[in-house]
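For reference, the chains in residue letters:
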Amino acid sequence: LSGSVEICTTYKGSQVMLARLGEGAIFGELALFNSMPRSASAVTVAGCRLRVIDKGEMDARVDGLDSFSRHWVSYLISRITDLSGRVAESGTGGRP
């Protein structure tokens with residue numbers, strides 16, 4: 001809800017900052033939908049106040065959606081997961 005967080009990963013033995021997120025940003029969302037290993041870490045940079053949403057709460061929110069919206073969320077998660085996996089497998093770390 002407030003503060004600053006850096007999203008980092010290790011690429012070819014070096015720490016790489018993928019993003020710096022500020023107030024209102026969301027991170028770690030894919031972990032709520034699949035059991036794949038984390039691809040990055042979140043590190044607080046400035047004093048943070050966070051809102052944690054666990055899998056049970058997210059499941060309840062998604063279950064409350066109409067069937068089209070539930071399907072759309074599922075489709076988007078599968079696309080993001082697939083593309084993230086392809087980037088990881090390419091060995092480029094998302095770089096051309």
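No experiment lies behind these values; they were computed from the predicted model shown. (Residues numbered from 1 in each chain as written. Predicted model: local features only at pLDDT ≥ 70, side-chain atom pairs only at ≥ 80, totals over all residues. Heavy atoms only, no water.)

**Observations concerning the sheet that holds strand E2 (residues 14-21)**
Here is step 1 of the chain: If you walk across this open sheet you meet the 3 strands as E2-E1-E3, and the pairing is antiparallel. Looking at strand neighbours, the two that pair on one side only are E2 and strand E3 (41-49), the edges of this open sheet. Each strand axis lies, on average, 25° off the axis of its neighbour in the sheet, ignoring direction.
Here is step 2 of the chain: As judged from the 6 bridges shared by strand E1 (residues 2-11) and E3, these two strands associate in the antiparallel manner. Among the inter-strand pairings, Ile7 is bridged to a residue of E3, identified as Ala42. (Pairing = 2+ DSSP bridges. Helix = DSSP H or I, 4+ residues; strand = E, 2+ residues; numbered from the N terminus. Axes fitted to C-alpha atoms, helices over the stretch in contact; angles between N-to-C directions.)

**Quick notes on helix H2 (residues 67-90)**
Here is step 1 of the chain: With 24 residues, H2 extends 35 Å from end C-alpha to end C-alpha; this agrees with the ideal 34 Å at 1.5 Å per step.
Here is step 2 of the chain: Along H2, the residues classified as buried are Ile77, Thr81 and Gly85. (Expected span 1.5 Å × (residues − 1). Buried < 20%, exposed > 50% of the residue type's maximum accessible area, 1.4 Å probe, protein only.)

**Here's the deal with the packing of aromatic side chains**
Here is step 1 of the chain: On inspection of all chains with the given rule, the structure shows 2 aromatic pairs.
Here is step 2 of the chain: Summarising the aromatic geometry, the rings of Phe68 and Trp72 are spaced 6.2 Å apart at their centres and angled 10° between planes, so their arrangement reads as stacked. With Phe68 and Trp72 both in helix H2 and 4 residues apart, the pair spans about one turn of that helix.
Here is step 3 of the chain: With relative accessibility at 55%, the residue Phe68 sits in the exposed group.
Here is step 4 of the chain: Here Trp72 falls in the partly exposed class, since its relative accessible area comes to 43%.
Here is step 5 of the chain: Pairwise contacts between aromatic rings join Phe68, Trp72 and Tyr75 into one cluster. (Phe/Tyr/Trp six-rings, centres within 6.5 Å; stacked < 30°, edge-to-face > 60°.)

**As for the pattern of salt bridges**
Here is step 1 of the chain: Enumeration according to the criterion identifies 5 salt bridges in this entry.
Here is step 2 of the chain: Note that Arg20 and Glu6 form a salt bridge whose closest N and O atoms lie 3.0 Å from each other. One end of the pair, Arg20, is in strand E2; the other, Glu6, is in strand E1, and 14 residues separate them in sequence.
Here is step 3 of the chain: Put simply, Arg51 and Glu57 hold a salt bridge, and the shortest N to O gap is 2.8 Å. (Salt bridge = Lys/Arg side-chain N within 4 Å of Asp/Glu carboxyl O.)

**Quick notes on the confidence of the model for the protein**
Here is step 1 of the chain: Chain-level pLDDT for the protein is 86 on average; 93% of the residues reach the 70-or-more range.
Here is step 2 of the chain: Mean pLDDT across the secondary structure elements of the protein bottoms out at H2, with 86, and peaks at helix H1 (residues 55-63), with 93. (pLDDT = per-residue confidence, 0-100.)

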